[in-house]
Amino acid sequence: MSELREKSAKLLEKYIENVNLRNHCYHVEACMKFYAEKSGEDTERWGTAGMLHDLDWEKFPDTHPNTAVPILEEAGFDMAFIDAILGHAYPERTNVPRETQMAKYLFACDEITGLVHAYSLMKEGGLDNLEPKGVIKKMKDKAFARNVNRDDIRKGAEEIGLELDEHVQNVINAMKKAKI
Ligand SMILES: [Fe+2]
Ligand SMILES: [Fe+2]
């Protein structure tokens, strides 16, 4: 394990006790690494942004992700990294636009991993039995995983220039590979 990942995992464990939330962070990490590799970007850096994007959510839900800024600064992360994390929140929270590719992908990977994971839990065979078509159909069921924002899922795919089914397939593959 690299130094950066080790440091980040320690931070995550310090601030997040809820196992489900930790796993969500690891799912987003897996997807970010997948896309970094695909785009020839820094997999460690993108993965870490995914891992730490909800760092302050459990302790400071009302001010997330702004409360994470001093923690990330203190840990030595640069402003572009922090801006990518700020960019995944609603504009009225942070008002930081998603300018970098890393920021766009982070936003695109956040909500969809939650939906895919929730669906994999109720489907026999789990992730191995998921297909984009089924996931997209399930998105239309409003009662299912109701805290997952469907508009953000569509917007996220649009921002990275992918059709939703291709994006969902990538997310399924990345999560399968990560085995979390
Ligand atoms: Fe968040
Ligand atoms: Fe998240």
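This is a predicted model, so every value here is computed, not measured.

Quick notes on the rules
- Residues numbered from 1 in each chain as written.
- Chains lettered and ligands numbered in written order.
- Predicted model: local features only at pLDDT ≥ 70, side-chain atom pairs only at ≥ 80, totals over all residues.
- Heavy atoms only, no water.
- Helix = DSSP H or I, 4+ residues; strand = E, 2+ residues; numbered from the N terminus.
- Rg over C-alpha atoms; globule rule 2.2 N^0.38 Å.
- Buried < 20%, exposed > 50% of the residue type's maximum accessible area, 1.4 Å probe, protein only.
- Donors = N, O, S within 2.8 Å, 3.2 Å for Na, K, Ca; no water.
- Tetrahedral: all angles 85-135°; square planar, octahedral: opposite > 155°, others 65-115°.
- Expected span 1.5 Å × (residues − 1).
- Arc of directions from axis to C-beta.
- Phe/Tyr/Trp six-rings, centres within 6.5 Å; stacked < 30°, edge-to-face > 60°.
- Contact = heavy atoms within 4.5 Å.
- Axes fitted to C-alpha atoms, helices over the stretch in contact; angles between N-to-C directions.
- Parallel < 35°, antiparallel > 145°, perpendicular 65-115°, else oblique.
- Nonpolar A, V, L, I, M, F, W, Y, C, P; charged D, E, K, R; others polar.

J.: I'd like a description of the overall build of the protein chain, backed by residues and values.
T.: Helix and strand counts for the protein chain come out as 10 helices and zero strands. Start at the N end of the protein chain and walk to the C end: the helices and strands fall as α-α-α-α-α-α-α-α-α-α. In terms of C-alpha radius of gyration, the protein chain reaches 15 Å, essentially the compact-globule figure of 16 Å for 180 residues. Judged by the C-alpha coordinates and their principal axes, the protein chain covers about 45 × 35 × 35 Å. The burial tally for the protein chain puts 49% of its 180 residues in the buried class.

J.: I'd love a proper account of the coordination of the iron ion (ligand 2), names of residues and values included.
T.: Protein coordination at the iron ion (ligand 2): the donors are H24 (NE2), H53 (NE2), D54 (OD) and D110 (OD), at 2.1 to 2.2 Å from the metal. Here the iron ion (ligand 2) is ringed by four donor atoms whose angles at the metal span 84 to 177°, and the overall shape comes out irregular. All donor residues of the iron ion (ligand 2) come from one chain, and their arrangement in sequence is H-x28-H-D-x55-D. In this model, the iron ion (ligand 2) sits 3.9 Å from the iron ion (ligand 1), the two metals being bridged by D54. By relative accessible area, which is 0% here, H53 ends up buried. With a relative accessible area of 7%, D54 lands in the buried category.

J.: How would you sum up helix 1 (residues 3-15)? Please name residues and give values.
T.: In this model, helix 1 (13 residues) spans 19 Å end to end at C-alpha, consistent with the 18 Å of a helix rising 1.5 Å per residue. When we look at burial in helix 1, the residues that qualify are R5, S8, A9, L11, L12 and Y15. For helix 1, the arc enclosing every buried residue in end-on projection is 160°, short of the 170-degree limit, so these residues lie on one face. Residues of helix 1 that are exposed and point over 90 degrees away from its buried face: E3, K10 and K14.

J.: Quick rundown of the packing of aromatic side chains? Include the residues and the values.
T.: Here the structure, examined in full by the defined rule, presents five aromatic pairs. Ring geometry for W46 and Y105: centres 5.3 Å apart, planes at 45°, overall tilted. Taken together, the residues W46 in helix 3 (residues 43-52) and Y105 in helix 7 (residues 101-122) connect sequence positions 59 residues apart. W46 gets classed as buried once you look at its relative accessible area, which sits at 3%. Relative to F81, the ring of F77 lies with its centre 4.3 Å away and its plane at 15°, an arrangement referred to as stacked. The buried category is assigned to F77, whose relative accessible area is 11%.

J.: Explain the coordination of the iron ion (ligand 1) residue by residue, including any values.
T.: When a metal holds four donors in a tetrahedron, each ideal angle between them is 109.5 degrees; when it holds six in an octahedron, the ideal angles are 90 or 180 degrees. Looking at the iron ion (ligand 1), one finds its protein donor set to be D54 (OD), H64 (NE2) and H88 (NE2), positioned 2.1 to 2.3 Å from the metal centre. The sequence pattern describing where the donors of the iron ion (ligand 1) fall on their chain is D-x9-H-x23-H.

J.: With reference to specific residues and values, describe the environment of V135.
T.: Here V135 lies in helix 8 (residues 132-139). Taking the relative accessible area as the measure of exposure, V135 reaches 0% and is therefore buried. Note: C-alpha distance between V135 and K7 (128 residues apart in sequence) is 34 Å. The contact partners of V135, leaving out residues within four places of it in the chain, are I112, L115, V116, Y119, L130, V168 and I172.

J.: With reference to specific residues and values, describe the packing of helix 7 against helix 8.
T.: Running from amino to carboxyl end, helix 7 crosses helix 8 at an angle of 105°, the nearest separation of the two axes being 11 Å. By the angle class used here, helix 7 and helix 8 are roughly perpendicular. Listed contacts from helix 8 to I112, L115, V116, Y119 and M122 of helix 7 are G134, V135, K138 and M139. When its residues are assigned to classes, the contact of helix 7 with helix 8 shows seven nonpolar, one polar and one charged.

From the geometry alone we can't say anything about function, so treat these as descriptive.
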